[in-house]
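Structure assessment
The chain contents come next:
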Amino acid sequence: TTAMSRRGVEPAAGGAGATAPPAAAIPVERLVRKVGDKIVELSRDKWMKLLISVVIDIIGVMTFLVPVLAEVLDVFWAPLASLLIFQLYGNAMLSGIAVVEELLPFTDIFPTATVGWLCQFTALGVWLGLQLREREQQAAQGDSRRLQ
């Protein structure tokens, strides 16, 4: 037996150098996938999408209100907020803006998710040149481009 198998860790199938993902990563991945699917499901209604956007922005501001821990909390909140915004709007640029906004000091007050909603459902998106479409429309448009 190898040293790894004596300690109770078996090598992964598929090669000597292959390793399996940590057991804790699998439940986290499932949780993130479930939350993402739920966000997409809830965001089909435009007013629910606004509510989710406002909640994301409020959480971002709340991390700013904790004086000592604000930037530490932002390190954890920034990728989560970015993921949620991407799930809502399917736009990598808006998602990237969310990460930068959460990580830069004193920018937490900017309501990135709510601005995303405004860009999708009002003339602001046309004016800014940032028209966000429904994710189903994006997928259908991508499929039609592949067929051409």
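Just above sits the structure.
This one's a predicted model, so the numbers in the text were calculated from it and none came from an experiment.

The next point concerns the overall build of the protein chain. What the protein chain contains, in helices and strands, is eight helices and zero strands. Each helix (α) and strand (β) of the protein chain, taken in turn from the N terminus, gives the series α-α-α-α-α-α-α-α. When contacts within the protein chain are restricted to residue pairs at least 6 apart in sequence, long-range pairs at least 24 apart make up 58% of them. With an accessible surface of roughly 9800 Å², the protein chain has 70% of that area assigned to carbon and sulfur atoms.

Before going further, it helps to spend a moment on the environment of valine 99. Positionally, valine 99 belongs in helix α5 (residues 92-103). Residues valine 99 and isoleucine 85, 14 residues apart in the sequence, show an inter-C-alpha distance of 9.8 Å.

Before going further, it helps to spend a moment on the packing of helix α4 (residues 70-89) against α5. Contact geometry for α4 and α5: axes closest at 8 Å, N-to-C directions at 165 degrees. Overall, the two elements α4 and α5 adopt an arrangement that is roughly antiparallel. The handedness of the crossing between α4 and α5 is right-handed. Listed contacts from α5 to Glu71, Asp74, Val75, Trp77, Ala78, Ala81, Ser82, Ile85, Phe86 and Tyr89 of α4 are Ala92, Leu94, Ser95, Ala98, Val99, Glu102 and Leu103.

Turning next to the nonpolar core. Among the nonpolar cores identified, the biggest contains 17 residues, and Ile56, Ile85, Leu88, Tyr89 and Leu132 are the most heavily contacted of them. Looking at this core, the elements that each hand over two or more residues are α3 (46-65), α4, α5 and α6 (112-121). Considering each element in turn, this core owes the most residues, six residues, to α4. In contact with leucine 132, other than residues within four places in its own chain, are Tyr89, Asn91, Leu94, Gly116, Cys119 and Gln120.

A positive phi angle is found at phenylalanine 106, which is not glycine, with a value near 65 degrees. Topologically, phenylalanine 106 is positioned in the loop between α5 and α6.

Here is what the cut-offs are and how they apply
- Counting restarts for each chain, with residues numbered from 1 along the sequence as it is written.
- For this predicted model, a pLDDT threshold of at least 70 governs which residues receive local features, and a threshold of 80 or more governs which side-chain atom pairs are given and counted, while totals over whole chains, interfaces and linings are taken from all residues.
- Side-chain metrics in this entry use all non-hydrogen atoms of the structure; hydrogen atoms and water are not considered.
- Here a strand is any run of E in DSSP of at least two residues, a helix any run of H or I of at least four, and the numbering for each starts at the N terminus.
- The criterion used for residue contact is that any of the two residues' heavy atoms lie within 4.5 Å.
- For accessible areas, the Shrake-Rupley method is used with a probe of radius 1.4 Å. Any residue's cover is judged against the shown protein chains and nothing else.
- Fitted lines through C-alpha atoms give the axes, limited to the stretch in contact for helices. The angle between two N-to-C directions lies from 0 to 180 degrees.
- Each angle receives one of four descriptions, namely roughly parallel if under 35 degrees, roughly antiparallel if over 145, roughly perpendicular if within 65 to 115, and oblique otherwise.
- Two helices cross in a left-handed way if the nearer one is turned anticlockwise from the farther one by less than a right angle. They cross in a right-handed way if the turn is clockwise.
- Grouping buried Ala, Val, Leu, Ile, Met, Phe, Trp, Tyr and Cys residues that are joined through side-chain atoms within 4.5 Å yields what is termed a nonpolar core.
- Partly exposed residues are those whose accessible area sits between 20% and 50% of the maximum for their type, while under 20% is buried and over 50% is exposed, using a 1.4 Å probe and protein chains only.

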